[in-house]
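An overview of the molecular structure
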Amino acid sequence: MQIFDIEKELFFSTYKRLEVYIKHGDGVYLFDNDGKRYLDMISGIGVNVLGYGNENVKKAIIEQVEKYLHLSNLFVQDPQVELVKLLIEISGYKKVFFTNSGAEAIETCIKITRKWGKRFGKTELISFSNSFHGRTMGALSLMDRAKYRDGYEPFLPEISKARYNNVKDIEEKVNHKTAGVFLEFVQGEGGIVPADENLIKKIFELKEKFNFLVVADEIQCGLWRTGKFFAFEHYDVKPDIVALAKPLGGGLPLGAVFGNEKVADVFTFGTHGSTFGGNPVACSAGCAVIKEIQNGLIQSVMLVGNYFKSKLLELKMKHQKLVKDIRGLGLMLGVELNIECFDIVRRLIQKGIIANCTNNNVIRLLPPFIIKEEHIDFFIEKFDEVLNEFQQQSSGK
Ligand SMILES: *Cc1c(COP(=O)(O)O)cnc(C)c1O
């Protein structure tokens, strides 16, 4: 196909594209060039929580497009103000900074943490194994996987990595020089791995003793993806700083960093900024996204999520050789397989399902919040067929 050749020819080879050529989306479905329909189980990697073509998001965007596309942060802007009021009211945080992306939100978190730490002579950051925080140099410095980091050295100094869900390791790594601990309460790219209660308890115990900041990367797991506005609410704790992004702009680029009173005065005029951060069209979309979710979808994420997980657990019982583990919360679910999952994803696509493989052997499921039980049933039926095919293949060998 011609566009695939152009893709190979003219772009830096950073993305391994799926072998489908999508022309448009509608609700929970995507449609390819031949009109074939696909159930979308990945939502543009956790972005399109309202599926495709939501009328209220479209309306909000068009209304703002008619006023202005950009003014710059020299100006105070209605859409930013409307969104910040919603976010503060929902979250209970004190301050917000808007960015264009997840990685930029993480950079903002690093800068707040470093600057806050300076006051107390604290310079070290701690992050966790197998985490994902983005592709910029600061974000990469927090990560440990060679796949993302190799060749980009040197990284930011004074960052150490603790093993995720290992209570002893974090205890050994934290000290009086620790300025902040960065973590995903549910790791996304790392294979949909929720944090252990014990890990979180230990981090907040250590925080009492050593006085550092806890920074939650909720870029993938936030905005009700797990059934709560922030995934950390499942743990009954409150981090000092939170990064949000992927779904926030309803498909337009938008991120946000939240801070509590402890860090409220860290930034002063001119010490941080962004030309495009908090783009008014993206913020208008963001307001519409939040109102749509609040208008009946929050419950649905939990209910359909629980239904989905119970069906996946049934499938695991049926395919014990292939399925190793089912993990996740709400509509952020992962199926860990005993084999690499790229071929499984390819076969699912043939059967009309867009899914994603992360961390080599985890099928990552991040469907839009508007998904219903009947769609889950369709997915389970097709996934069951694919697993049967693989079962036969491996026993036939
Ligand atoms: C996607 C993601 C990021 C990076 O966001 P970008 O918008 O791609 O820069 C950071 N952290 C987590 C947990 C993510 O899932």
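Quantities reported herein were computed from a predicted structural model and do not represent experimental measurements. (Residues numbered from 1 in each chain as written. Predicted model: local features only at pLDDT ≥ 70, side-chain atom pairs only at ≥ 80, totals over all residues. Heavy atoms only, no water.)

**Observations regarding the site of the ligand**
Lining the immediate environment of the ligand, one finds S101, G102, A103, F132, H133, G134, E184, D217, I219, Q220 and K246. Measuring from an oxygen atom of the ligand, one finds a backbone N or O atom of A103 at 2.7 Å. Protein contacts shield 82% of the accessible area of the ligand, which totals 380 Å² for the unbound molecule. When grouped by side-chain class, the residues that make up the shell around the ligand number three nonpolar, five polar and three charged. (Near = heavy atom within 4 Å. Polar contact = N/O pair within 3.5 Å; in protein donor to acceptor, adjacent residues only side chain to side chain. Areas by Shrake-Rupley, 256 points an atom, 1.4 Å probe, with all protein chains shown as cover. Nonpolar A, V, L, I, M, F, W, Y, C, P; charged D, E, K, R; others polar.)

**Digging into the sheet that holds strand 14 (residues 332–337)**
Reading across from one edge, 13-14-17-16 is the order of the four strands in this open sheet, with antiparallel pairing throughout. Two strands close off the open sheet at either side, each with one partner strand: strand 13 (323–329) and strand 16 (356–358). Within this sheet the neighbouring strands show an average axis-to-axis angle of 25°, counted without direction. With six bridges connecting them, strand 13 and strand 14 associate as antiparallel partners. Across the sheet, D325 pairs through a bridge with E336, a residue of strand 14. Relative to the sheet, helix 11 (residues 297–318) contacts strand 13, strand 14 and strand 17 (362–365), its axis offset from that of strand 13 by approximately 170°. (Pairing = 2+ DSSP bridges. Helix = DSSP H or I, 4+ residues; strand = E, 2+ residues; numbered from the N terminus. Axes fitted to C-alpha atoms, helices over the stretch in contact; angles between N-to-C directions. Contact = heavy atoms within 4.5 Å.)

**Thoughts on the packing of helix 3 (residues 55–67) against helix 10 (residues 280–294)**
The interhelical angle for the contact between helix 3 and helix 10, taken along N-to-C directions, is 155°, at an axis separation of 8 Å. It follows that helix 3 is roughly antiparallel to helix 10 by the angle criterion. When the axes of helix 3 and helix 10 are compared, the crossing they make is right-handed. In this structure, helix 3 contributes N56, V57, A60, I61, Q64 and V65 to the contact, and helix 10 contributes P280, V281, S284, A285, A288, V289 and E292. (Parallel < 35°, antiparallel > 145°, perpendicular 65-115°, else oblique. Left-handed = near helix turned anticlockwise from the far one by under 90°.)

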